[in-house]
Amino acid sequence: MADTAKSAGHVAVIMDGNGRWAQMRGRPRLMGHHAGAKRVREIVEACPDVGVKHLTIFAFSTENWKRTQTEVAGLMRLFKRYIRRETQDLINNGVRVRFIGDRIRLEDSLVALMDDLELATSHNTKMNLTIALNYGGRDEVTRAVKRLAYDVEQGKLSHSNVNAEVLSGYLDTHFLPDPDLVIRTSGEARISNFLLWQSAYAEYEFVDTLWPDFTAAEFVKLVSRFGQRERRYGGIAV
Ligand code: FPP
């Protein structure tokens, strides 16, 4: 069936290119991440005006631990600083923040800040910002299946009742609709383990801009272009 509702209600973003942006300027990679963090605020603020109710951003993947210790530690410090600095503005702007990913490997002090931010913004309804931190699509599905199998073992769920909807309910993203549009910056056309299950019918936009150069204007342009596409979900146009 053709879908004539044109708004990209849920946009997911792979924010790529921070390292190259810094290296092109002869600066340490972390400087690129700091420049990238500033863009997050701008994109969040642009969402309500273009009908984006849910924004999900890929901040740190389960594979990013392979980076140097300096870069990983710098990113963790950056996430803490971002949470401390942005909490009040996020509250004022009606943004509800939630984190997806496995918290088990994250420092306690970061997890405490994440919990506080989720709680402090839990009554906000203007838009949802979901931050993927130590997130990987395969890891998420594996953790979900483990929990589901446990519930079957405990007799809380019958194997014959397991379907796509039930499995979706065990995912980290159980509170979110599927993404309509996935954007990746920096010219790479890969999805890198991001929202694998949820993006089955998403549209993709791969743009050359490095994340620290990605403006709200470019974001708005991509979201508007989405509005002109026709989505058929495997059916035919009517
Ligand atoms: C990918 O660029 C980016 C990351 C691994 C980190 C993303 C983090 C931010 C944008 C910082 C701010 C986030 C929040 C939530 C405050 P890359 O390092 O892979 O770039 P490269 O491909 O050029 O090396």
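Here, residues in each chain are numbered from 1, in the same order as that chain's written sequence. Local features in a predicted model are, by the rule used here, given only for residues with pLDDT of at least 70; side-chain atom pairs are given and counted only at 80 or more, and totals for whole chains, interfaces and linings are based on all residues. The basis for every side-chain value is the complete set of heavy atoms in the structure, and neither hydrogens nor water enter the calculation.

Lay out the side chain of threonine 173 with the relevant residues and their values.
The way it works is that DSSP assigns letters per residue, a run of H or I at least four long becomes a helix, a run of E at least two long becomes a strand, and they are numbered from the N terminus. Mapped onto the secondary structure, threonine 173 falls in the loop between α6 (164–170) and β5 (181–184). Throughout this description, buried means an accessible area under 20% of the type-specific maximum (1.4 Å probe, protein chains only), exposed means over 50%, and partly exposed covers the range between. Threonine 173 gets classed as buried once you look at its relative accessible area, which sits at 6%. Those residues in contact with threonine 173 that sit more than four places away from it in its chain are Ile100, Glu140, Leu195 and Gln198. Throughout, a contact is declared for two residues whenever any of their heavy atoms are within 4.5 Å.

Go over the packing of helix α2 (residues 29–46) against helix α3 (residues 69–92), please, and point to the residues and values.
Fitted lines through C-alpha atoms serve as axes, helices being fitted only where they are in contact, and the angles separating the N-to-C directions of these axes extend from 0 to 180 degrees. Remark: α2 packs on α3, axes separated minimally by 10 Å, with the N-to-C direction vectors making an angle of 25°. Accordingly, the angle class assigned to the pair α2 and α3 is roughly parallel. Handedness of the crossing formed by α2 with α3: right-handed. Mapping the contact onto sequence places Arg29, Leu30, His33, His34, Ala37, Val40 and Arg41 in α2 and Thr70, Glu71, Gly74, Leu75, Leu78, Arg81, Tyr82, Glu86 and Asp89 in α3. Split by residue class, the contact of α2 with α3 holds 6 nonpolar, 4 polar and 6 charged. The scheme is simple: roughly parallel for angles under 35 degrees, roughly antiparallel for over 145, roughly perpendicular for 65 to 115, oblique for anything else. Rotating anticlockwise by less than a right angle from the far helix to the near helix defines a left-handed crossing, while the corresponding clockwise rotation defines a right-handed one. Each residue is assigned to one of three groups, with Ala, Val, Leu, Ile, Met, Phe, Trp, Tyr, Cys and Pro labelled nonpolar, Asp, Glu, Lys and Arg labelled charged, and all others, Gly among them, labelled polar.

How would you summarise the confidence of the model for the protein chain if you had to cite specific residues and measurements?
Predicted coordinates in areas of low pLDDT are best not read in detail. The score called pLDDT rates the predictor's confidence residue by residue, from a low of 0 to a high of 100. Mean pLDDT over the protein chain stands at 95; residues scoring 70 or higher make up 95%. Contacts from residues 1–5, a stretch scored under 50 in pLDDT, to residues over four places away or in other chains number 10 contacts.

Before we move on, could you go through the side chain of asparagine 134 and cite the residues and values that matter?
With respect to the helices and strands, the residue asparagine 134 is situated in strand β4 (residues 127–135). Note on asparagine 134: relative accessible area 4%, which makes it buried. Two N or O atoms count as a polar contact when they lie within 3.5 Å, although within protein this holds only if one can serve as hydrogen donor and the other as acceptor, and sequence-adjacent residues are included solely when both atoms are side-chain atoms. Among the polar contacts listed, one links the side chain of asparagine 134 to the backbone oxygen of aspartate 102, at a separation of 2.8 Å. Sequence-distant contacts of asparagine 134, that is, excluding residues within four places in its chain, are made with Phe60, Ser61, Thr62, Trp65, Gly101, Asp102, Arg105 and Leu106.

An account of the site of the ligand is requested, with residue identities and associated values reported.
Think of it this way: one heavy atom of a residue within 4 Å of a molecule or strand is enough to make that residue near it. By nearness alone, 17 residues border the ligand, and Asp16, Gly19, Arg20, Arg29 and Arg67 come closest of all. Glycine 19 places a main-chain nitrogen or oxygen 3.0 Å from an oxygen atom of the ligand. Breaking the shell around the ligand down by element, the ones donating at least two residues are α1 (18–23), α2, β2 (54–61) and α3. Counted by class, the shell around the ligand contains 8 nonpolar, 5 polar and 4 charged residues.

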